[in-house]
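# Summary of structural features
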Amino acid sequence: MVSIRSLRPLTSKQAGFTFIEVLLAIAIFSVVSLAGFTILDSVLKSDEKSQLKTTRLNELQRAFILIERDFIQVARRKVRLNGEGSIDGFMHTDEGNFATSTQAIGFVRHGWSNPGLMLPRSDLQSVGYQLTDNVLERVHFNFVDPVLGEEPKIRPLMSQVNEVSFEFHDGKEWQETLDNNKLPFAVAIEIDTEDLGIIRRQFLVAGEP
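What you see is a predicted model; the values in this text were computed from it and never measured. (Residues numbered from 1 in each chain as written. Predicted model: local features only at pLDDT ≥ 70, side-chain atom pairs only at ≥ 80, totals over all residues. Heavy atoms only, no water.)

## A word on unusual backbone geometry
Basically, it comes down to this: Helix and strand definitions here come from DSSP, where helices need a minimum of 4 consecutive H or I residues and strands a minimum of 2 consecutive E residues; each element is numbered from the N-terminal end.
Positive phi, normally seen in glycine, also occurs at Asp133, with a value near 55 degrees. With respect to the helices and strands, the residue Asp133 is situated in the loop between β5 (125-132) and β6 (135-140). Even without a glycine there, the phi angle at Asn134 is positive, about 65 degrees. The topology assignment puts Asn134 in the loop between β5 and β6.

As structure tokens, this is what we get:
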């Protein structure tokens, strides 16, 4: 005999999410995703700024190392530029002599590497620093006394520079003007930058005995 209960169709309860629960889950996921994206974007921007600042500081450090190397090896020798006659004095900041910029300094230095004098030049080098289009540049000639019309070699050192000025220490005090007949005991270079403000560095020079 078949039981009546066994003839009844089998039924099961189906569980699921309501529409409101789905909307709430989407909203929570959106908030979490937005927070994660904001944090990631902040980290990437901070890393970019850090890399730019590191690159900038490395640029300044390389520039000042090169400037110091030149100044501490200043020679007691008059400068001759562009095939013209020698300029009075061991250093000069005269307008238009060494560079096209009015904010410039030029001199002759010792110590230009030439092992065994294998290259057809001396170990003296005419160098200068000039400001052109907000870029501090180092310029030099292949020969200490360049021939008429010889173009200098230009190396950009520092960007975003508004102004460059120089001061000279005569053993007693700093002066803005330079005695052409003597070497100063120290040279100060003051650089006004767009992002870091004014930077002042002082370099010892051989000076007068």
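Right, picking up where we left off after that structure.
## Some words on the environment of His169
Quick reminder of the rule: Note on classification: 1.4 Å probe, protein chains only; a residue is buried when its accessible area is under 20% of the maximum for its type, exposed when over 50%, partly exposed between these limits. Between two residues, a contact is recorded if the distance between any of their heavy atoms is within 4.5 Å. Under this definition, polar contacts are N or O atom pairs within 3.5 Å; protein pairs additionally need one hydrogen-donor-capable and one acceptor-capable atom, and for neighbouring residues in sequence, both atoms have to be side-chain atoms.
On the secondary structure map, His169 appears in strand β8 (residues 161-169). For His169, a relative accessible area of 18% gives the class buried. With 17 residues separating them along the chain, His169 and Ala186 place their C-alpha atoms 5.1 Å apart. The residues touching His169, leaving out its near neighbours within four places in the chain, are Trp174, Pro184, Phe185 and Ala186. From its side chain, His169 meets the backbone nitrogen of Gly171 in a polar contact 3.0 Å long.

## Remarks on the sheet that holds strand β11 (residues 197-204)
What counts is decided by this rule: We treat two strands as partners when DSSP finds at least two bridges between them.
Sheet architecture is open: four strands sit in the order β9-β8-β10-β11, paired in antiparallel fashion. The strands lining the two open edges of the sheet, one partner per strand, are β9 (174-175) and β11. In terms of strand pairing, β8 meets strand β10 (residues 186-193) through eight bridges, oriented antiparallel. Looking at β10, one finds that Ser165 is bridged to Glu190.

## Overview of the nonpolar core
Taken as a class, soluble globular proteins show a tendency for nonpolar side chains to be buried jointly. Put simply, the test is: Residues grouped as a nonpolar core are buried Ala, Val, Leu, Ile, Met, Phe, Trp, Tyr and Cys residues, joined through side-chain atoms within 4.5 Å.
Membership of the largest hydrophobic core comes to 29 residues, with the highest contact counts inside it found for Phe64, Phe71, Met91 and Met158. When residues of this core are traced back to their parent elements, those giving at least two are α1 (19-71), β4 (104-109), β5, β7 (153-158), β8, β10 and β11. Ranked by residues supplied to this core, first place goes to α1 with six residues. The next biggest cluster of nonpolar side chains, apart from the first, holds five residues, and it includes Ala75, Val79, Val108 and Leu124.

## A word on the pairing of β6
Here β6 lies mainly inside the structure; five of its six residues are buried. Of the strand pairs in this sheet, β5 and β6 are connected by six bridges, and their pairing is antiparallel. By the bridge assignment, Leu131 is partnered in β6 with Leu136. Remark: two residues form the turn of the hairpin made by β5 and β6, two consecutive strands paired antiparallel; Asp133 in that turn has positive phi of roughly 55 degrees. Pairing analysis gives five bridges linking β6 to β7, with the strands arranged antiparallel. Looking at the pairing, Arg138 lines up with Arg155 of β7.

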